[in-house]
Structure formats: structure tokens, C-alpha cells
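In case you want the letters, here they are:
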Amino acid sequence: MSRIVLLDRNMVNLIAAGEVIERPASVVKELMENSIDAGATALTVTIEDGGRRLISVSDNGNGMDADDLATAFEAHATSKIREAADLNRIATLGFRGEALASIASVAQVRAVTRAPDSDSAHCIEIDCGDKGPVVPCSGDVGTTIQVRDLFYKTPARRKFLRTANTELGHITEQFARIALPQGHLDLALTHNGRELYRLSKTDDLKQRVSRLFPMLVSAGSDDLIETETNEKGIRIRALLGLPGLSRTSNQFQYTFLNGRFIRDKFISHAIKEAYRGMLDANRFPVVFLFIEMPFSEYDVNVHPTKVEVRFYNSNLVHSQVLGVLRERLLGTNLNIAAQLPARESAPGDEENVGRDLRKEQIADAMAEFFKRHRPVHQPQFDLRTEIAADRRDSDYRRTAIDRPAPAPVPMTHDRRYLQIHDSYIIEQTDEGFVIIDQHALHERMMYEMLQRRVQRESLESQRLLLPESIEVSEAQIGVIESHADVLTQLGIELTPFGSRTYAVQAFPAMLGNVSPTEFVQGLLDLLVERGATMAKQDLFNDILSMVACKAAIKAGQKLSDSEIRQLLADRERFESTSRCPHGRPTTIRFTIGELEKQFKRT
Ligand code: ADP
Ligand code: MG
């Protein structure tokens, strides 16, 4: 007797359901995707009891005629592909023909549908694979599919459902993933009779995001900036959270490819790179990324729920995403706006009258303040002419710290500044004033400069007159050998000097004030700790930020006028100085408007 049999239709569907229908949210996803594929412009999702009792999706799409309704719930029934070549140009969200069959094998399903050219609707009921007849019924053009009592005949699956709230959380997540890229749709989601979301096709992207994620925009939608590009066959549109909006997980990173939510490690990496130096290592930016490119440039047929795709040219996708994000972020003033407590409301205040006058008065008062407190007040210099573009590292360091002030060149407007507590510099600006963390700013500039430099050549090295010896561990000897290229690039020369001892012969010139043995020990520790696991570029960036930190002006270091001027002037040469390489802000800005509010002048 043969032991191999072909599984019956119901078994095939049940097995497929195991893969595609994990929980109520999966049903919501599949039904919403079908509605979108059917050309709907409006759809309503109705949920009861976290989706255990009811999931219903209603659309105004193209519907089905009676014959199609009868086949739609069969395994591998699809209207979206016909032949192998179609797999290379999938423009619909679905194509595998298994969703309806799977859902109907594990729940009670009722579908009502009507095609635009048909004068009546048709209806079918299926109870866990048990299919009833197609019968005429009343209904509008479009389709409504109701799914009741999911998994009621498969207790093992039902047992894995969580509380209604948890399941609802998964449902709203799926809803958001589908709703976000479908800007042309009216959408609503209702749970137990309460409307949770209503999105209109007239909303713009930011409004859509703020309706779906109110927690992100409560602080003011200025924290999300938009950018767009269309190059090399890849169109990218993105909504980027400023660093202040960052999160402890990547939960708020959404990537869509031609309207489909996807996860992709190349894209995640590009996002991380784009924010490099702007965030602490354990923070994740908020990013909504919409990518459009030809269907023939990637394969969606690699994952049952199609959440992963395979790009044929993943490097190009990576570099395009990184490019557009980085450019936008570097071009944005990421200085932190001062967080002042909100002003108590004062009804009856005349709003606009005399506002400009008051602004002037405040500007004057501030100027007066700075005068009285004996600020460093010098004519401004045109520093661009002062700074030779190809200055060497060691000079750069000296300039900011020891070099005498360059000859003054008069400028048209004043700049006023003041160092406080030997750590912060207060600088008057056109809008108000900024407080600069001198160490953080200098560190940031050193980091940028180092990055540019090491792309071209190794750092300038200085030979020590008296080599210093360091004791090293076995593991450290290992990294001295395996990362010899890194040491060379940094301008560090180590020679063996006995079994566990090395001599530091040469050392980066820009680290003139730093103890060579201490620095090399720190570097070797870092290499031992992360050298084997980290990507090379990431590792090198970490090393550069360590160098920048050591080489930078310290907090608590008194600066002369010329040093302060140099620091402020050098800042103009760097695109991205508003965060130190560790992600801390370098500058906090205060506006006159905020001062007016605080002093209750408005
Ligand atoms: P797929 O979406 O992969 O084709 P499904 O099992 O999800 O497979 O759906 C089977 C078919 O049923 C679809 O190809 C489509 O023709 C039809 N269908 C499903 N839902 C709808 C809908 N809301 N409106 C119109 N047709 C639909
Ligand atoms: Mg489908």
C-alpha cells in the first residue's frame, strides 16, 4: 500500500494559512491589499474584539462577478498573474492567490461583491473550508468581506491569540503600513464601534503621519522634514525625524517600495549611515521612506508575506537613499531650540500691536547686557580669507588654541560673544543668541576634518624623540597585527620591544597634548572590543571620534578672544556642526521671540 498521498484542498489551504495568517492583523493586511488591488478609492475596516469576533473590510473597488466569486476562495486562485514572466513585473500587492483560500479555511467568511457592470451583487459563505453556493443578494459596487471567529476550529492557533488590545495593536500597525503609502485613498478603522482612524485622500503626507502617529507630532510637526529625489531610475520621497525625535528602537522606520511596506537591511544601514554623528549609538531616527522604481529591478517573490524583497542592484538603492537623506540632514540647521516652559496664557494681551517695537527693545536690552558684562567684543573678521584651505592637521589644532589672532578685516555687522565657566560660549545672533558647548563644537569640527583627511591620506605623523613603551596583552598583540593598516592610517608606529612590550615611535601630530601611551592603550582596547565584529567603516568612524574627542578643546579650558573667534569662524567651514560625534548637541539656540514670552512682554 502506498504511503504517499496528495493532500486534499482543505489541508493545502490550512498549511498555507499557517504561513500567511498568523493573527487577525494578517487578515486585515490581506483584505486591505486585495481592496487596493481592486482599484478601490475608499475602504473601511471594522474590527470587533481585537479581530477575534469580527474583521470586516469594505471597499468600492471593481468587485467580482458570480463566477469569479466562486473561484476566488480556491487555492492558487488569482487574477493578478498568468505566466512566469508576470513574476518579473508585479504591480499589485498580492499575486500568490492564497490569502482568501487560507482565511476561509480557518474562519467563517461571508463575501458580498458587485462588479460595476452587474445589476446585482452576489454573496458566498464559507465555514472553515466548507463552501456554500454563490447566491444573488443586494449590495453596492465593490466588495465586503467579513471574517468571523478566526481559528475557532483550530484551538491550537486560537490559543496563541493575545488580548484584544495586543491584537488591536498589531492591526493598527498593519493598517498604518498599508495606509501610509496610499495617499489617494479614504480610509477608516473602527474597533468595537469606536472610530480609531479616519484618513482622507486630501491629507498630505505629514497630516497622514500625524493622524497615524500622533505621538510623533505632538511636539510640533517641525520635527519632521521632507525631501525628495528622482535619479538613476529611483524616486525617493522621505519624511525625516530630526535627531530630537529619535527613539530607543527602530520601530518608527518605515520603508515602502512601490506602495508595499518592506524591511531591508541595505536600506536600514543607509538610514543609520545618514544619521551618523547626529545620534547616540543606542538611538534610532524616525524615518518614513517611499521608494519607487521599476518592478523589474527587484524580486518580491522571496517571502510569503512579501515583507522582504531582493534588489538586483542593492548598492545603488543604498547609495541613493544614503545620498538624499544625508544631504537633507546636513543642509538642515539641527541646532536644538531652547526648551523653555510654556508661557501662562494671558487673555486680553494685545497680540500683534507693537510686537516689532518690543523686539527691537529686547535686542537693545540684550546688547546692553552684553556690554555691561564686559563681553569679548571685537570687529568681525572675514575668516575665509584667513584660513588656508589646505592647512595641515597640526596647524589646525594650533590655530584654534595657540595661534595669535589673524589680522582684523572689518565686517559690516557686529558679532558679540562671551565665554562662561570656561566651558560655554554665548554668542549673539540675528534672531537672539546661542549657547555653544566649546568642547562639543570643536570635537565635531575635528571629526569632520579627520573624516575628510583620512579619505585622501593618512594623518600627519610626528616621531617621538623618546619612544614610549607600552605593555600589551595577547589580544592587543593580535589587533596590532590584524589592524596594522588602521594604525598606519592614523600615523601611529609601534615596534616590538620584548615579548609583551611595544615602543610608540610615531604618533598623530594633531594629538600633541595627549599622552601617546594612554591614547594607544585606549585605541587597542577599542580594537580588541569591536575590531572583529564591527564593519570596518563603522570601526574607523568610532576611532576618528575618539581622536576628535582627545584633540578637541576641553570643557573648563579658558580661551582667549582670538581662540574664541577662531572657533566660531571655523564653524562656518563645516556643514554639520550642530551635533558632536557622540550625538550630543553642540549648540542651543534662543530666539528673541522666546525671551519675549518668558519676560511676558507679549
Ligand atoms: P491574490 O491577491 O494573491 O490574487 P487572494 O486570495 O488574495 O489572491 O485573492 C484572490 C482573487 O480574488 C484576487 O486575485 C482577486 O481577483 C479577487 N479578489 C479578492 N479580493 C477582492 C476585492 N476586494 N475586490 C475584487 N476582487 C477581489
Ligand atoms: Mg490578495
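The structure contained in this document is the topic of the report that follows. (Residues numbered from 1 in each chain as written. Chains lettered and ligands numbered in written order. Predicted model: local features only at pLDDT ≥ 70, side-chain atom pairs only at ≥ 80, totals over all residues. Heavy atoms only, no water.)

Topic: the packing of helix H14 (residues 438-456) against helix H18 (residues 536-551)
Working step 1: Where H14 meets H18, the axes come as close as 8 Å, and the angle between the chain directions of the two elements is 135°. The pairing of H14 with H18 is recorded here as oblique in orientation. Of the two possible hands of crossing, H14 and H18 adopt the one that is right-handed. On H18, the residues touching His 439, His 442, Glu 443, Met 446, Tyr 447, Leu 450, Gln 451 and Val 454 of H14 are Phe 540, Asn 541, Leu 544, Ser 545, Val 547, Ala 548, Cys 549 and Ala 551.
Working step 2: Of the residues contributing to the contact of H14 with H18, the split by class is 10 nonpolar, five polar and one charged. (Axes fitted to C-alpha atoms, helices over the stretch in contact; angles between N-to-C directions. Helix = DSSP H or I, 4+ residues; strand = E, 2+ residues; numbered from the N terminus. Parallel < 35°, antiparallel > 145°, perpendicular 65-115°, else oblique. Left-handed = near helix turned anticlockwise from the far one by under 90°. Contact = heavy atoms within 4.5 Å. Nonpolar A, V, L, I, M, F, W, Y, C, P; charged D, E, K, R; others polar.)

As for the site of ligand 1
Working step 1: With respect to spatial proximity, 19 residues lie near ligand 1, and among them Asn 34, Thr 78, Ser 79, Lys 80 and Gly 97 are the closest.
Working step 2: Residue Phe 95 places a main-chain N or O atom 3.0 Å away from an oxygen atom belonging to ligand 1.
Working step 3: Backbone polar atom of Ala 99 to an oxygen atom of ligand 1: 3.3 Å apart, as the coordinates give it.
Working step 4: Protein contacts shield 92% of the accessible area of ligand 1, which totals 530 Å² for the unbound molecule.
Working step 5: Of all the secondary structure elements, the ones that give two or more residues to the shell around ligand 1 are helix H2 (24-37) and helix H4 (99-105). (Near = heavy atom within 4 Å. Polar contact = N/O pair within 3.5 Å; in protein donor to acceptor, adjacent residues only side chain to side chain. Areas by Shrake-Rupley, 256 points an atom, 1.4 Å probe, with all protein chains shown as cover.)

Overview of the sheet that holds strand E24 (residues 501-508)
Working step 1: If you walk across this open sheet you meet the three strands as E22-E24-E23, and the pairing is antiparallel. Across the chains shown, the open sheet's two edge strands, defined by having one partner strand only, are strand E22 (461-471) and strand E23 (493-496). Averaged over all neighbouring strand pairs, the angle between strand axes comes to 20°, with direction disregarded.
Working step 2: Summarising the sheet, E22 and E24 pair through seven bridges and their orientation is antiparallel. Residue pairing across strands places Ser 461 opposite Pro 508, the latter belonging to E24.
Working step 3: On the sheet, helix H17 (residues 516-530) packs against E22, E23 and E24 and is oriented at approximately 70° with respect to E22. (Pairing = 2+ DSSP bridges.)

Focus on the side chain of Glu 273
Working step 1: Residue placement: Glu 273 occurs in helix H9 (residues 265-274).
Working step 2: Glu 273 sits in the buried class, given a relative accessible area of 13%.
Working step 3: For Glu 273, the contacting residues outside a window of four places in its chain are Leu 322, Arg 326 and Asp 538. (Buried < 20%, exposed > 50% of the residue type's maximum accessible area, 1.4 Å probe, protein only.)

Remarks on the pairing of strand E12 (residues 253-257)
Working step 1: Within E12, five of the five residues are buried, which leaves it mostly tucked inside the rest of the structure.
Working step 2: The side-chain alternation of E12 yields two buried faces, one formed by Gln 253, Thr 255 and Leu 257 and the other by Tyr 254 and Phe 256.
Working step 3: Both E12 and strand E14 (residues 287-292) contribute to a ladder of five bridges, which runs parallel. When the sheet's bridge partners are listed, Leu 257 is paired in E14 with Ile 291.
Working step 4: With three bridges joining them, E12 and strand E13 (residues 260-262) adopt antiparallel strand pairing.

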